[in-house]
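# Notes for the structure review
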Amino acid sequence: MNVYAVSGAANKSRNTAEMLKSALEGALSVPGATGELVNLYDLSFRGCVGCHSCKLLDKDKFAKCAMRDDLSPVLEKAKEADVLLLGSPIYFSNVTGEMRSFLERLFFPGLTYNKDRGTTYAKRPKVGWVFTMNAPGEFYNELYSSLAGMSGRIIGETEYAIAFNTQQFDDYSQYAATSFDEEYVKKRHEEQFPLDCKAAYDMGRRLAGGESEDEQ
Ligand SMILES: Cc1cc2nc3c(=O)[nH]c(=O)nc-3n(C[C@H](O)[C@H](O)[C@H](O)COP(=O)(O)O)c2cc1C
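Residues numbered from 1 in each chain as written. Predicted model: local features only at pLDDT ≥ 70, side-chain atom pairs only at ≥ 80, totals over all residues. Heavy atoms only, no water.

## Observations regarding the sheet that holds strand 2 (residues 34–39)
As summarised here, the arrangement of the five strands in space is 2-1-3-4-5, forming an open sheet in which the pairing is parallel. If you trace the sheet from one side to the other, it starts and ends with strand 2 and strand 5 (158–163), each paired once. Here the strands of the sheet are splayed against their neighbours by 15° on average, with no regard to which way each runs. With six bridges joining them, strand 1 (residues 2–7) and strand 2 adopt parallel strand pairing. (Pairing = 2+ DSSP bridges. Helix = DSSP H or I, 4+ residues; strand = E, 2+ residues; numbered from the N terminus. Axes fitted to C-alpha atoms, helices over the stretch in contact; angles between N-to-C directions.)

Written out as structure tokens, the structure reads:
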């Protein structure tokens, strides 16, 4: 059982990173599971350039991203995983630009323009998304469904876990951010965020085929 986690979060020890790590820990808690996490912000790469090489009938090119950069090995590992965990904060009502560029390169070689619009990926890793945001969680229901729909169709069966009203800074008094109630956000971070991480852990464990620890 091979688990691969891809983080589209710039901050390596805040909300999204913590939640994604919890999902990975959950998956790795299943006996026999091994895995690793990659941070997209550590890599140098671009989104799809629309060269259409991956649509060529030439078997050496078909369904492969022709671009060569730091993302090339990441795409290979993502396709070969049994469980693929993806994490992103919401930036301007979408995933981060880095995550979006990664998805373009992951998704486009995975779908054909043939009539059945079938996936080209023989292996169908299970996918677990983690999203974090400041807005109330239901603000982006359509986004989660659309992304889960796409990864479900092109990659494999998909679930997601979210954390909302997240704590963005340690000390709100240092920032121009009066629309946030610091006390509320901090309390939520102390009380709700650990539960959100637990939900992500459970998701990772479930996707890796583990039983719920609560029922054991
Ligand atoms: C550039 C930028 C854009 C953001 N846009 C949104 C947004 O559209 N909706 C939202 O709910 N939160 C938005 N946020 C807040 C983050 O999604 C939220 O704080 C998230 O938990 C940050 O994740 P992190 O702690 O892992 O960095 C934005 C934050 C930044 C820095």
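## Focus on the layout of surface pockets
Roughly 370 Å³ of internal volume is contained in the largest pocket. Around the largest pocket sit 21 residues that line it, and Pro-89, Ile-90, Tyr-91, Asn-134 and Gln-168 are the ones nearest its centre. Ranked by residue count, the leading element in the lining of the largest pocket is helix 1 (residues 15–28), at three residues. Of the residues belonging to the lining of the largest pocket, the class tally is eleven nonpolar, nine polar and one charged. (1 Å grid on protein atoms, 1.4 Å probe; cavity = no way out; pocket = protein on both sides within 12 Å on 5 of 7 lines; lining within 4 Å. Points joined across faces, edges and corners; volume = space filled by probe spheres on them. Nonpolar A, V, L, I, M, F, W, Y, C, P; charged D, E, K, R; others polar.)

## What to know about the site of the ligand
Taken together, 16 residues surround the ligand, and among them Thr-16, Ile-90, Thr-132, Tyr-140 and Thr-166 come closest. At a separation of 2.9 Å, an oxygen atom of the ligand approaches a polar side-chain atom of Asn-11. A distance of 2.7 Å separates a nitrogen atom of the ligand from a polar atom in the side chain of Tyr-140. Compared with its free state, where it exposes 650 Å², the ligand has 81% of that area covered by protein. (Near = heavy atom within 4 Å. Polar contact = N/O pair within 3.5 Å; in protein donor to acceptor, adjacent residues only side chain to side chain. Areas by Shrake-Rupley, 256 points an atom, 1.4 Å probe, with all protein chains shown as cover.)

## A closer look at the pattern of salt bridges
Within the structure shown, the criterion is met by 13 salt bridges. Asp-60 is paired through a salt bridge with Lys-59; the nearest N and O atoms lie 3.8 Å apart. Like Asp-60, the residue Lys-59 is exposed in the burial classification. Between Lys-187 and Glu-191 there is a salt bridge, and its shortest N-O distance comes to 3.3 Å. Of this pair, Lys-187 and Glu-191 both sit in helix 5 (residues 182–191), separated by four residues, roughly a single helical turn. Among the residues examined, Glu-191 registers a relative accessible area of 48% and is labelled partly exposed. (Salt bridge = Lys/Arg side-chain N within 4 Å of Asp/Glu carboxyl O. Buried < 20%, exposed > 50% of the residue type's maximum accessible area, 1.4 Å probe, protein only.)

## A few points about the nonpolar core
Among the nonpolar cores identified, the biggest contains 36 residues, and Val-6 and Phe-102 are the most heavily contacted of them. If you list the elements that add at least two residues to this core, you get strand 1, helix 2 (71–80), strand 3 (83–89), helix 3 (97–107), strand 4 (126–132) and helix 4 (141–154). Discounting residues that sit within four places of it in the chain, Phe-102 has contacts with Val-6, Leu-40, Phe-45, Leu-71, Val-74, Leu-75, Ala-78 and Leu-86. Grouped together as the second largest cluster of nonpolar side chains are 20 residues, Ala-27, Val-83, Ala-163 and Met-203 included. (Core = buried A, V, L, I, M, F, W, Y, C linked by side-chain atoms within 4.5 Å. Contact = heavy atoms within 4.5 Å.)

## As for the packing of aromatic side chains
Evaluated as defined, the whole model comprises nine aromatic pairs. Both rings, one in Phe-169 and one in Tyr-175, keep their centres 3.9 Å apart while their planes meet at 10°; by these two values the pair is stacked. Chaining the aromatic ring pairs together yields one cluster made of Trp-129, Phe-131, Tyr-144 and Tyr-160. Over the ring of Tyr-113 we find Lys-55, and its NZ or CZ is 5.5 Å from the ring centre. (Phe/Tyr/Trp six-rings, centres within 6.5 Å; stacked < 30°, edge-to-face > 60°. Lys NZ or Arg CZ within 6 Å of the ring centre and 35° of its normal.)

## Overview of the packing of helix 5 against helix 6 (residues 193–207)
Running from amino to carboxyl end, helix 5 crosses helix 6 at an angle of 40°, the nearest separation of the two axes being 4 Å. In terms of orientation, helix 5 lies oblique with respect to helix 6. On helix 6, the residues that touch Arg-188, His-189, Glu-190 and Glu-191 of helix 5 are Phe-193, Pro-194 and Leu-195. Broken down by class, the residue content of the contact of helix 5 with helix 6 amounts to three nonpolar, one polar and three charged. (Parallel < 35°, antiparallel > 145°, perpendicular 65-115°, else oblique.)

Geometry only, nothing functional implied.
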